[in-house]
Each structure stands twice: as C-alpha cells, then as structure tokens.
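Breakdown of the fold
Each chain is listed here by its residues.
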Amino acid sequence: MSQPLQQLLAIMARLRDPQNGCPWDKEQTYQTIVPYTLEEAYEVADAIAREDYAELKDELGDLLFQVVFYAQIAKEEGRFEFDDCAAAIKDKLIRRHPHVFADMNLDSSKAVLQNWEAIKTTERTASGKTSVLDNIPLAMPALSRAYKLQKRCAQVGFDWPDVEGAWDKVQEEIQEVAELPAGAAELEEELGDLMFALVNVVRKQGFDPEKVMRQANQKFERRFRQVEQALVDQGSSPAQSDLAEMDKLWDMVKRQEKLGKA
C-alpha cells in the first residue's frame, strides 16, 4: 500500500477516534454519507465534462475519501476493511476479464461486453438472485435506471426488434397524454410512461439517455445565458423583458450557433 493511502486511512481513523476525533465525523453513518458520495460522483462527472483535469484530480480524491469513510465505519463494526474492498474489486476484474487473465479469445468491445453481462448473470444466479432486474439500484438517477432496466430486459429478448417499434410506442404514449384533461389523476403516470418510452428510443439509437439529457441541459443553459447577456447589452434583464422578446433573442442565439458550426 502506498504511503499517501496509508496516511489517508490513518487520518480517517483519527477523525473517527471515539475520544479525540472530530464530532461531526464520529456522528456519521453509512446512510448519512450517501448524499455526499452522490454529490462527489457528480462533481467528478462535471470536472470531466469541463475537461478540467486539475480539478478532476481533487474530485477523485474527494470520491476516494468517501470509500475510505465507509470502510472505516465497517472496520469499526467488524464487517470488513479497506483492503477487503480492494481485494473484492481485484478478484472481480480478473474474473470478468477472462480474455486478458485466462485463455478466452474475445476480439471486439461488443464481444467483451456480452461476455461481461453473461458473467454478471451467472454471478447473480449463484448468489440466489433470480430476476434479470436484480441489483439495479433504486437510488440511480431515474433516466439511468430506466435505461438499465431496458438493457437488462433486452438481454433476454424483451425488446423491440428495431427503433421503429420504440418510436411507435412513443407516439402511442403521446396520444394517451394528449387525450387527458389538465389535472387528470392519471396524467403524472402517463407522462412517466411517455418518458420511459422515449428512453427506449434513445437506447435503440445507441445513446445513453443520461448523457443525452446532460448535453441538452448544457445547451439550454449556454443559450439562455447568451439571451441574458443580450438583454444586459440592451440595458435590460429577463425580469424586465417578456416572452416574445426573449424568444426572439433565443432564435438569434440558435442561428448564431448554427452559423458558427457551418
């Protein structure tokens, strides 16, 4: 184990020391740390999206600290230690890469992914899990979980044969939503069905819906900030403007972006 990692583990143990530790750190449990873990994971993703690799180093350190925190609590409870976590992932990587560490021949990324999923299925069955949908975390972002649910079902043949079938389902769901009056009790559920169907289209087109939505969010934010700046340049602001004026500026921003890409 490297010296910095040993020091990090020692710092974590000191923070949790019953007599001389930090009051806040001593109070934490697995459950209370989860929000911080999710936040740190998103900050890693954000640094990557911005290609800020200096910040990425720091954010990865913050994420590693979350792992160390959980491992320290588990050590105190006699469950496992940090080394056990490292050993578990080491064993899993070797087991799931037989084309690297054994004599299996897999010559494409697609073949590797198919074999990876087959191994995972075998592992789930061996651990007593019987559904193909087992082990998909409830706490995943909803778009990502929908994508994962659909991928798992596709592995056993429960899937549209092509994207046209997925599009037809979207059109069906749009019609069902459109026929409901505002405030209808089932409107929320039908909108959920529509979103789920659209995730299927995204998946069938070979994209990750979480990434697609993240890019859409970034584009919207970029364009609206330009609308705000245009208003400032005119001595105004969104609060002093109206929809018609902001929509006109939005269209201008879109045209400028398209010209810039031409």
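Up top is the structure.
Below: a short report on this structure. Quick caveat, the model's predicted, so the values are computed rather than measured.

Looking at the element boundaries, Cys22 is found in the loop between α1 (3–15) and α2 (23–27). Taking the C-alpha atoms as reference, Cys22 lies 9.9 Å from Met12; in sequence the two are ten residues apart.

Before going further, it helps to examine the side chain of Ser241. Here Ser241 shows up in the loop between α11 (209–233) and α12 (243–261). Looking at Ser241, the relative accessible area reads 16%, which means it is buried. There is a polar contact of 2.8 Å between the side chain of Ser241 and the side chain of Glu245. Setting aside its immediate chain neighbours within four residues, Ser241 contacts Leu231, Ser236 and Met246.

What follows concerns α11. The terminal C-alpha atoms of α11 lie 36 Å apart, and with 25 residues this matches the ideal 36 Å at 1.5 Å per residue to within 8%. Taken together, the buried residues of α11 touch α8 (142–155), α10 (187–204) and α12. Measuring from the backbone nitrogen of Glu210 back to the side-chain oxygen at the start of α11 gives 2.9 Å, which picks out Asp208 as the cap. Positive phi appears at Gly235, one or two residues downstream of α11, with a value of about 75°.

Now for helix α4 (residues 53–76). Because each turn of an α-helix spans 3.6 residues, side chains separated by three or four positions end up pointing in the same direction. If you check α4, its first and last C-alpha atoms are 35 Å apart, about what 24 residues at 1.5 Å a residue would give, namely 34 Å. All of the buried residues along α4 are Leu56, Glu59, Gln66, Val68, Phe69, Tyr70, Ala71, Gln72, Ile73 and Ala74. Elements that come into contact with the buried residues of α4 comprise α1, α2, α3 (30–49) and α5 (82–95). Where α4 ends, the next residue or the one after it, Gly78, has phi of about 75°, a positive value.

Criteria and thresholds
Residues numbered from 1 in each chain as written. Predicted model: local features only at pLDDT ≥ 70, side-chain atom pairs only at ≥ 80, totals over all residues. Heavy atoms only, no water. Helix = DSSP H or I, 4+ residues; strand = E, 2+ residues; numbered from the N terminus. Buried < 20%, exposed > 50% of the residue type's maximum accessible area, 1.4 Å probe, protein only. Polar contact = N/O pair within 3.5 Å; in protein donor to acceptor, adjacent residues only side chain to side chain. Contact = heavy atoms within 4.5 Å. Expected span 1.5 Å × (residues − 1).

In short, geometric facts, not functional conclusions.
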